Amino acid sequence: MSDERPLLSLVMIVKNESRSIRETLASVKGHVDRCLVLDTGSNDGTQDLVRAAMEGVPGELVEEKFVDFGTTRSRALELAGTQTVFTLMLSGDETLVGGEALRAFCEQHRDHADGAYNVQIHFGATHYDHPRLARTDAGCIAPVSTIVLPVIPASTRPVTTIVSVPCVTRMRSASLA
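Every chain is numbered independently, its residues counted from 1 as its sequence is written. Residues qualify for local features only when their pLDDT is at least 70, as the model is predicted, and side-chain atom pairs are given and counted only at 80 or more; totals for whole chains, interfaces and linings, by contrast, use all residues. Side-chain metrics rest on all non-hydrogen atoms present in the structure, leaving aside hydrogens and water.

### Things to note about empty space enclosed by the protein
Within this scheme a cavity is a closed region of a 1 Å grid, computed over the protein atoms alone, that accommodates a 1.4 Å probe without allowing it to escape, whereas a pocket is open but has protein on both sides within 12 Å along at least five of seven lines; lining residues each have an atom within 4 Å of a point. Grid points are joined across faces, edges and corners, and a volume is the space filled by probe spheres set on the points. Tallying each qualifying case throughout the model produces one cavity of 30 Å³ or more. Taken as a whole, the largest cavity encloses approximately 60 Å³ of empty space. Contributing to the lining of the largest cavity are S9, R34, C35, L36, G59, E60, L79, A80 and Q83. Those elements that place two or more of their residues in the lining of the largest cavity are β2 (34–39), β3 (59–63) and α3 (69–80). It is β2 that contributes the most residues to the lining of the largest cavity, three residues altogether. Helix and strand assignments come from DSSP, with helices taken as H or I runs of at least 4 residues and strands as E runs of at least 2, each series counted from the N terminus.

This is the structure in structure tokens:
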């Protein structure tokens, strides 16, 4: 039986991202079904920019103090919950390109058991994999598959880039207890 929940939530942890957040949110707005933005203390108007940019997309902006990255990331994922099948975690300095291909990949994997998918990140000449796309009901963040998602940098700032789309490499790892 197919999972009938909405497909994809954007999950972000932000602080003072007013210089770059609009471009990030504009790049995902037409491709996500929900969003959860956890602001950890912005004082530059980031919150208002998030509200304006994501108007019409269900979700919420939550303001809480930063604890440490692991705790805060877990809190953001907890707040996002299981309202969608997948979450996509992006930073405020990333720009998604090819959102249709991302949605197609998610739709093809809607009923798969894999918990998370690595995304190939390009930051200038540096390339690495990082788990950014995860099933919301998997109960772990451990990467089990690798995909390449399209993201390109903004023209005026150095940013992380996520590139291309099909499943490139499959990898297995033990789930985190």
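Resuming the write-up.
### Quick notes on the packing of aromatic side chains
Side-chain rings of Phe, Tyr and Trp, where Trp is taken by its six-membered ring, are said to pair if the distance between their centres is within 6.5 Å; with planes under 30 degrees apart they count as stacked, over 60 as edge-to-face, and otherwise as tilted. Applying the stated criterion across every chain yields a total of zero aromatic pairs. For a lysine, the NZ atom is tested; for an arginine, the CZ atom; a charge sits over a ring if that atom is within 6 Å of the ring centre and within 35 degrees of the ring normal. When the ring centre of F86 is taken as origin, the NZ or CZ atom of R135, which lies over that ring, is 5.5 Å away.

### Some remarks on the pairing of β3
Any two strands with at least two DSSP-identified bridges between them are counted as paired. Of the strand pairs in this sheet, β2 and β3 are connected by five bridges, and their pairing is parallel. Note on β3: the bridge partner recorded for V37 is L61. The handedness rule is simple: strands pointing away from the viewer, and a clockwise path from the first strand over the helix to the second, make the crossover right-handed. Note that the unit made of β2, helix α2 (residues 46–53) and β3 has a crossover that is right-handed.

### Observations concerning the side chain of S27
Structurally, the position occupied by S27 is in helix α1 (residues 21–28). Polar contact criterion, stated in full: a pair of N or O atoms within 3.5 Å, where within protein one must be able to donate a hydrogen and the other to accept it, and residues adjacent in sequence count only if both atoms are side-chain atoms. From its side chain, S27 meets the backbone oxygen of T24 in a polar contact 2.6 Å long. With residues near it in sequence (within four places) discarded, S27 still touches T95 and L96. Contact between two residues is taken to exist if any of their heavy atoms lie within 4.5 Å; hydrogens are not considered.

### Here's the deal with the pattern of salt bridges
Every case where a carboxyl oxygen of Asp or Glu lies within 4 Å of a side-chain nitrogen of Lys or Arg is listed as a salt bridge. Overall, the coordinates contain nine salt bridges when judged by the stated rule. Residues participating in the shared-partner salt-bridge network are R5, R135 and D137.

### Some words on the nonpolar core
Most often, soluble globular proteins have nonpolar side chains that are buried together. Side-chain atoms within 4.5 Å link the members of a nonpolar core, which is a set of buried Ala, Val, Leu, Ile, Met, Phe, Trp, Tyr and Cys residues. Between buried and exposed lies partly exposed: a residue is buried under 20% and exposed over 50% of the maximum accessible area for its type, with that area taken using a 1.4 Å probe on protein chains only. Formed by 26 residues in total, the largest nonpolar core has its most connected members in L8, L10, L25, F86 and L133. Considering every element that reaches this core, the biggest residue donor is strand β1 (residues 8–14), with four residues. The next biggest cluster of nonpolar side chains, apart from the first, holds nine residues, and it includes I13, L36, L77 and M89.

### Observations concerning the environment of T82
Within the secondary structure, T82 sits in the loop between α3 and β4 (86–89). Separated by 53 residues in the primary sequence, T82 and R135 have C-alpha atoms spaced 8.5 Å apart. Apart from the residues lying within four places of it in its own chain, the contact partners of T82 are R5, T136 and D137.

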